[in-house]
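# Breakdown of the fold
In case you want the letters, here they are:
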Amino acid sequence: MTVRPALSIVVPTNGRPGPIRRLLRALTRQQHAPAFEVTIVADGVVPAATGVGDPGAWPYTVHVVTQPHAGAAKARNNGAARAASDLLLFMDDDVEPGPGVVAAHVAFHARQSRRIGTGELVPHSIHGGTIGAALCGWWEVMGDALADPRHRFTFRDVLTGHCSMSRRTFDEIDGFDPSLRCHEDFDFGFRALERGFDIGFVRDAHAVHHDDSDLNKIVRRKFDEGIASVQLIAKHPRLFRSLVIGRPVVQGRVAKMVRNAAAGQSTVSSLIPPGLRLGMRTFDALSMRDKWRVSLDMLMDHAFWSGVVQAAGGSQQVRAIREQAGPVPRAALVVDLAPGLERAERVIDESRPHALRVMFGEHLVGELEDEPGAERLRGVHLRPILLKGMAPSLAIAALRSGLLPEAFHGVAGHAEFATVRADTGAGQAA
Amino acid sequence: MLVFRWRGAVIGRAFVPVTDAGLPAAAITAAAKQHLMPDAVRTWIEDVLEFDERGESGVSAFSAAVAICTRERPDDLDRTLQSVTALDPAPREILVIDNAPATTRTKEVAARFPAVQYVAEPGRGLNRARNRALREATTDIVAFTDDDAAPEAGWLGALLVNFQDPRVMCVTGLTLPHELETPAQELFEEHCSFVRGFARRVFNGRIDNPLLVARAGAGANMAVRASLGKDVGLFDERLDAGTRAMSGGDHEMFTRILSAGYRLVYEPHAVSWHRHRRTLEEVEQVVRGYGTGVYAMWTGLLVEKHNLGVLRLAWNWFRWDHLPLLRSVSRMRELSARDRLRKAELLGCFAGPGAWLSERRVGRTPS
């Protein structure tokens, strides 16, 4: 009698036998795991190139499915369609799951089915060096945020390299969109949140991400992200202000010049990447990490905007995209801190608003605008919002309400607080 | 010096003139209003919001040893041991590493404290003593305090809580002056203070420049994982007190920790009180040692790691600190006390490369 697996693991691959064998070996070391199966989807490669070998030789069920090259999104959809379990776990082939991954994902969904579980990806750069360290740093910052129980999840937080959901959830969200060049995870996450699904962090699902990205690969990826951003905006206009295309990351005169050069696609534009790469090598040799970082950001920016221009069909079209009106913001919930934080948190939990207007009695503390692509607010989000986004105005409100101890009154004159005084002047007048 | 606290946490300080009559409360409040920075209010807000970025505050499953590396300073050691034996939570082990002892005085002081384990390390050098402590300890974490410092009762717990993040390899604490009884001590505190601010700061080797570790704290008040030697390497025995380099052993280790991709946390809740040297001559000697140690460390990075970044740091230091001093000297102005310190530092810098090269020549082992 065949036991129905409790979990189906879907792994798209385009012919990396070494990483696939590492992943399959790691799955032989699962602890306290119920029965599971693994489906390797060979995207444009023959089964022999996947590294699976004899599927029957593994101590769990392994399927190898082939498809003409169509990308990871299509491969995941194919793998999900063939899964025998009601619970799906997607993993990239360069991920090495820890021994508790299967049990952790199964336990996560046993408590609540209408949510997507994102597992941990501990970064490991294969190439190392400064670029490897920066890449790992980027992954770590993101991983730290996801692991924070007070994190407000967004459409960016479905990590298709390591995430799980019920088959029903997957079907209701309509799977991954194979038409996207990349960012199919962003698209999936946005549709999930818009349809009322939650995203959560699977705390005990530890996995290592063996990232083989070098600078060339990262630049190519940024170019693809530029193309995908245009595709995403066409598909979800509400996302406009939440994407880099609506909010350029790198500011400043030189950065703006680099971006414009990318948009212009002139001879100058073609000289910028080699110039920036030369600068990066020099700064790296001199351990000028900050300058190196700025050069990297500009190189990424150049690649990204080149992709945007290509996808949009020219710089005029890019301008038109960028000048479009943002979405109409959804109404903010007004919460008053004066009756107590716990009460304010309960009010937020009951309303699950998209935006907040925080008051302290009659004094305005701050406003959190509607952020398309972010989950509806929960009470647990309030304290980090107050601390990280509204601390000066909260202190001023406390000062005016007579709650700030006298010893702290001097900081009201500090530059950091000066703008706050102007912003909340109405409250003071009242 | 006034130290301001909010529910035990140090949130700021101010230097005010004090008479024998002391300071009235109103003057203290006025000083607080004048000197407390936004970080202090942030501490108040964190307290009101019951928000602690460290996670579950005060919870630590780690076993710890406290190591005191010392050499012929029995009076200071006695004061340090009184503080260390009063720590709450208490360490599982207390190690006194007697570095190249010339007398039995250190051993006699240690014997007065039953919980203390005395270890004689015949090889001279602070980093040798630190490495000996790492070898002797059987705990997860080894915390180091100087023999002229007095950690507060909560010092160890405040350090340990930061190791909940497995990427944290080292935690440093806030070191305040134990006394400011002489002009030399005031001068030292004013220009060479160990204080690195009152806000917790995480240095991430993946993001931050591993060479910029001056703001990360000092070895007088730090804790490391006992696995440090295996993961990053032991302390470089060619550096720090007891060698020609005179200092720099802690910062060289910080640089290596960050270069290996680990994190270093500056934790101002971990408070220790350090007794600065009392005479200007002693202070000059200490500051000269700092200059020598930094340049010795940089020489090592340049020669062995081919790290050209140290050239830029050396140039910046010279341009912004030492060049103005040379201008003062060239104008035959009488040197102020501060300039005397900078002069000592500059002379130390000149001696740094030679110190490192001679340590290498005599065959001291690197980490």
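In this text, all values refer to a predicted model and were calculated from it rather than measured experimentally.

### Observations regarding the overall build of chain B
Looking only at helices and strands, chain B has 12 helices and 11 strands in total. Against the 2.2 N^0.38 benchmark of 21 Å for 367 residues, chain B shows a C-alpha radius of gyration of 20 Å, consistent with a compact globule. Judged by the C-alpha coordinates and their principal axes, chain B covers about 55 × 55 × 45 Å. Considering chain B as a whole, with its 367 residues, one finds that 49% of them fall into the buried category.

### Remarks on the overall build of chain A
A count of helices and strands for chain A gives 16 helices and 11 strands. In summary, chain A has a C-alpha radius of gyration of 24 Å against a globular reference of 22 Å for 430 residues, a match within 12%. The C-alpha extent of chain A, read off along each of the three principal axes, is 75 × 60 × 40 Å. Here chain A holds 430 residues, and the buried ones make up 43% of them. In chain A, the share of contacts with a sequence separation of at least 24, taken over all contacts with a separation of at least 6, comes to 76%.

### A word on the domain arrangement of chain A
Residue and element names in this part refer to chain A. Split into domains, chain A comes out as domain 1 (7-213), domain 2 (217-322) and domain 3 (332-429). Computed over C-alpha atoms, the centres of domain 1 and domain 3 are 38 Å apart. On the side of domain 3, eight residues touch domain 1, which itself brings 10 residues to the contact. Those elements that place two or more of their residues in the side of domain 1 that touches domain 3 are helix H6 (184-194) and strand S8 (198-211).

### Some words on the interface of chain A and chain B
Contacts between the two partners involve 26 residues from chain A, matched on the other side by 26 residues from chain B. Elements that contribute at least two residues to the side of chain A that touches chain B include exactly helix H4 (129-147), helix H10 (289-312), helix H13 (382-389) and helix H14 (391-400) of chain A. The greatest single-element share of the side of chain A that touches chain B, amounting to five residues, is contributed by H4(A). Class assignment for the residues of the side of chain A that touches chain B results in 15 nonpolar, five polar and six charged.

### Observations regarding the environment of B:Ala32
Topologically, B:Ala32 is positioned in helix H1 (residues 25-35). As for B:Ala32 and B:Phe4, which are separated by 28 residues in sequence, their C-alpha atoms are 7.2 Å apart. If near-sequence neighbours (up to four positions away) are discounted, B:Ala32 is found in contact with A:Ala407 and B:Phe4.

### Quick notes on the nonpolar core
Among the nonpolar cores identified, the biggest contains 89 residues, and A:Ile9, A:Val10, A:Val11, A:Ile40, A:Leu88 and A:Val308 are the most heavily contacted of them. By residue number, the principal contributor to this core is H10(A), which donates 12 residues. Each of two domains, domain 1 (7-213) and domain 2 (217-322) of chain A, supplies a minimum of three residues to this core. Excluding anything up to four places from it in sequence, A:Ile9 contacts A:Phe36, A:Glu37, A:Val38, A:Thr39, A:Leu89 and A:Met91. The next biggest cluster of nonpolar side chains, apart from the first, holds 88 residues, and it includes B:Leu87, B:Leu156, B:Tyr262 and B:Ala296.

### Describing the environment of A:Pro178
All names here are of chain A. With respect to the secondary-structure elements, Pro 178 resides in the loop between helix H5 (167-173) and H6. For Pro 178, a count of 15 C-beta atoms within 10 Å gives the class partly exposed. Taking the C-alpha atoms as reference points, Pro 178 and Ala 73, separated by 105 residues in sequence, lie 5.0 Å from one another. The contacts of Pro 178, once residues within four sequence positions are left out, are Ala 70, Gly 71, Ala 73, Lys 74 and Asn 77.

### Details of the pairing of strand S5 (residues 116-121) of chain B
Here strand S4 (residues 93-99) of chain B pairs with S5(B) via six bridges, running parallel. Bridge pairing in S5(B) places B:Ile97 opposite B:Val119.

### Description of the domain arrangement of chain B
Splitting chain B by domain gives domain 1 (2-49), domain 2 (64-277) and domain 3 (281-361). For domain 1 of chain B versus domain 3 of chain B, the separation of C-alpha centres amounts to 35 Å.

### Section: the sheet that holds strand S9 (residues 332-336) of chain A
Residue and element names in this part refer to chain A. Read across the sheet, three strands follow the order S9-S10-S11 without closing on themselves; strand pairing throughout is mixed. In this open sheet, the two strands that pair with only one neighbour each are S9 and strand S11 (363-368). Neighbour-to-neighbour, the strand axes of this sheet turn through a mean angle of 20°, independent of strand direction. In this sheet, S11 lies alongside strand S10 (residues 355-360) in antiparallel orientation, the contact comprising five bridges. From the neighbouring strand, Met 359 faces S11, where its bridge partner is Leu 364.

### Topic: the sheet that holds strand S4 (residues 87-91) of chain A
Residue and element names in this part refer to chain A. Spatially, eight strands are ordered S3-S2-S1-S4-S7-S6-S8-S5 in an open sheet, and the strand pairing comes out mixed. Lying at the two open borders of the sheet, with one neighbouring strand each, are strand S3 (61-67) and strand S5 (95-97). Pairs of neighbouring strands in the sheet enclose a mean axial angle of 25°, with direction left out of account. In this structure, S4 lies alongside strand S7 (residues 162-166), joined through five bridges in antiparallel fashion. Note on S7: the bridge partner recorded for Leu 89 is Ser 164. Along the sheet face, helix H3 (residues 101-111) touches strand S1 (7-13), strand S2 (36-43), S4, S5, strand S6 (115-125), S7 and S8 and points at about 165° away from the line of S8.

### Remarks on the packing of helix H10 (residues 280-305) of chain B against helix H12 (residues 337-361) of chain B
The geometry of H10(B) relative to H12(B) is characterised by a closest axis approach of 6 Å and an angle of 40° between their N-to-C directions. The crossing of H10(B) and H12(B) is right-handed.

### Examining the environment of B:Asp76
Residue and element names in this part refer to chain B. In this fold, Asp 76 is placed in helix H3 (residues 74-84). Remark: the alpha-carbon pair of Asp 76 and Asp 148, spanning 72 residues in sequence, is separated by 5.0 Å. Once residues within four sequence positions are removed from consideration, Asp 76 is found in contact with Asp 147, Asp 148 and Arg 275.

### Some details on the pairing of strand S3 (residues 64-70) of chain B
Residue and element names in this part refer to chain B. In terms of residue burial, S3 counts as a mostly covered element, since seven of its seven residues are buried. Burial along S3 is two-sided: Ala 64, Val 66, Ile 68 and Thr 70 and Ala 65, Ala 67 and Cys 69, pointing in opposite directions, are all buried. Pairing between S3 and strand S6 (residues 141-146): six bridges, direction parallel. What sits directly across from Ala 67, in S6, is Phe 144. Sheet analysis places S3 next to S4, joined by six bridges and oriented parallel.

### Side note on H14(A)
In an α-helix, one turn spans 3.6 residues; hence positions three or four apart end up facing the same way. For H14(A), the tally of buried residues reaches nine of 10 residues, placing the bulk of the element in the interior. Phi turns positive, to about 80°, at A:Gly402, one or two residues after H14(A).

### Details of helix H9 (residues 267-285) of chain A
Residue and element names in this part refer to chain A. In a regular helix each residue adds 1.5 Å, so 19 residues correspond to 27 Å; H9 covers 28 Å between its end C-alpha atoms and thus fits that length. Burial in H9 covers these residues: Leu 276, Met 280 and Phe 283. Tucked inside the fold, the buried residues of H9 contact H10. Ser 287 occupies a position one or two residues after H9 and carries a positive phi of about 55°.

Conventions adopted
- Residues numbered from 1 in each chain as written.
- Chains lettered and ligands numbered in written order.
- Predicted model: local features only at pLDDT ≥ 70, side-chain atom pairs only at ≥ 80, totals over all residues.
- Helix = DSSP H or I, 4+ residues; strand = E, 2+ residues; numbered from the N terminus.
- Rg over C-alpha atoms; globule rule 2.2 N^0.38 Å.
- Buried ≥ 20, exposed ≤ 12 C-beta atoms within 10 Å, placed from the backbone.
- Contact = placed C-beta atoms within 7 Å.
- Domains from an automatic or database assignment.
- Nonpolar A, V, L, I, M, F, W, Y, C, P; charged D, E, K, R; others polar.
- Core = buried A, V, L, I, M, F, W, Y, C linked by C-beta atoms within 7 Å.
- Pairing = 2+ DSSP bridges.
- Axes fitted to C-alpha atoms, helices over the stretch in contact; angles between N-to-C directions.
- Left-handed = near helix turned anticlockwise from the far one by under 90°.
- Expected span 1.5 Å × (residues − 1).

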